[in-house]
Amino acid sequence: MSTIQILKDNGELANFERAKLIASLSKSGASDSVVEKIVTEIEFLLFNGITTKEIYKKAFEKLKNHARPTAARYNLKKGILEFGPTGFPFEIFVGELLKHQGYSVKIGVITQGFCVQHELDVVAEKDNNHFMIECKFHSSFNTKCSVKIPLYIQSRFLDIEKQWVKQPGHEHKFHQGWVVNNTRFSKDAIQYAECMGLKLLGWDYPKNGSLKDLISTTGLYPITCLSTLKKSEKQALLHKNIVLCKQLCDNPTILNQVGIEQIKHKKILEEGHALCSSLL
């Protein structure tokens, strides 16, 4: 087919690349035959100036017709954005990811630094490691985490670390500050963090072990990915601090508690269990 120019999220034009669409669909778990069918159908719908969002929406709708769990995986990026508007569910979600890796986790901790008191999003401990974790949630994927954020977080961490090492048993522990971001980091943010030893975890950073990698490898998908739930139903679950499909699988009665019609429960749980099936 002739070259089609698509409009990216950042406003730039780029050539449509069939291979990229194939790769994104394949990562969702769709079979090769389904991927080929969808990509071929999408190609017939392309026109110069079509946005990446429109392509994603068309592909998502077609995936839903084949297999909802596959569509849910493909919906991961958008699902994370639905943790808004406050972003507090994102903090809980990060805590759950860490718990699954064996960390002891506390959310919303008030702690005394050497100079001033601080409110921390997440504090995590494992073995001889002690981490101060700040979660930066953005409701638009176009918003990057600038260098101002790691600069600010590192200064807070240094004040807290100075107090932590005075605690019994902490003088020989490894302490580190983290910034977890649901979108991307600017180049300056990455450069500063690497220089200062501050850990960054973003949608696609670091290259191996990014947020999307962590979710897909653990199978800890957010409920906001589920195509069987309406937006209002997702918000009702988030309000009760239910952020993972696994939580629904482990406690299906929560669907009754938030007023979701009984007739929908089976489809919701089938989709949720299909996503949970990849749990390590």
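Before reading further, recall that the structure is shown in the block above.
No experiment lies behind these values; they were computed from the predicted model shown. (Residues numbered from 1 in each chain as written. Predicted model: local features only at pLDDT ≥ 70, side-chain atom pairs only at ≥ 80, totals over all residues. Heavy atoms only, no water.)

Undergrad: Help me understand the overall build of the chain in this model?
TA: Helices and strands together make up the secondary structure of the chain, namely 13 helices and 10 strands. Its C-alpha atoms give the chain principal-axis dimensions of roughly 65 × 45 × 30 Å. Out of the 280 residues belonging to the chain, those deemed buried represent 47%. When contacts within the chain are restricted to residue pairs at least 6 apart in sequence, long-range pairs at least 24 apart make up 57% of them. Roughly 14300 Å² of accessible area belongs to the chain as shown, and the carbon and sulfur atoms make up 53% of that amount. (Helix = DSSP H or I, 4+ residues; strand = E, 2+ residues; numbered from the N terminus. Buried < 20%, exposed > 50% of the residue type's maximum accessible area, 1.4 Å probe, protein only. Contact = heavy atoms within 4.5 Å. Areas by Shrake-Rupley, 256 points an atom, 1.4 Å probe, with all protein chains shown as cover.)

Undergrad: Would you mind showing me how to read the sheet that holds strand β2 (residues 13-15) here?
TA: Pairing is mixed in the open sheet, where three strands are placed in the order β2-β1-β3. Each edge of the open sheet is held by one strand with a lone partner, namely β2 and β3 (50-51). As paired strands, strand β1 (residues 5-7) and β2 are joined by three bridges and run antiparallel to one another. Considered in β2, the bridge of Ile6 is made with Ala14. (Pairing = 2+ DSSP bridges.)

Undergrad: Could you clarify how one ought to interpret the pairing of strand β6 (residues 129-136) in this entry?
TA: Regular strands have side chains that alternate between both faces of the sheet. In terms of burial, β6 is a largely internal element, six of the eight residues being buried. Pairing of strand β5 (residues 117-126) with β6 involves five bridges; the strand directions are antiparallel. Looking at β6, one finds that Val122 is bridged to Ile133. Adjacent in sequence and paired antiparallel, β5 and β6 are bridged by two residues, among which Asp127 carries a positive phi angle near 55°. Taken together, the eight bridges between β6 and strand β8 (residues 174-181) define a ladder with parallel strand orientation.

Undergrad: Before we go on, may I ask you to explain the layout of surface pockets in this structure?
TA: Empty space among the atoms becomes visible once a probe the size of a water molecule is rolled across them. Space inside the largest pocket adds up to approximately 1600 Å³. What lines the largest pocket is a set of 35 residues, among which Ser24, Lys77, Phe141, Arg184 and Trp203 lie closest to the centre. Breaking the lining of the largest pocket down by element, the ones donating at least two residues are β2, α1 (18-27), α3 (52-66), α4 (68-74), α5 (76-81) and α9 (211-218). Residue contributions to the lining of the largest pocket peak at five residues, all from α1. Tallied by class, the residues present in the lining of the largest pocket amount to 13 nonpolar, nine polar and 13 charged. Its boundaries defined by the atoms lining it, the second largest pocket holds a volume of some 250 Å³. Every residue lining the second largest pocket is counted, 18 residues in all, and those nearest its centre are Asn75, Lys78, Glu82, Lys231 and Lys234. (1 Å grid on protein atoms, 1.4 Å probe; cavity = no way out; pocket = protein on both sides within 12 Å on 5 of 7 lines; lining within 4 Å. Points joined across faces, edges and corners; volume = space filled by probe spheres on them. Nonpolar A, V, L, I, M, F, W, Y, C, P; charged D, E, K, R; others polar.)

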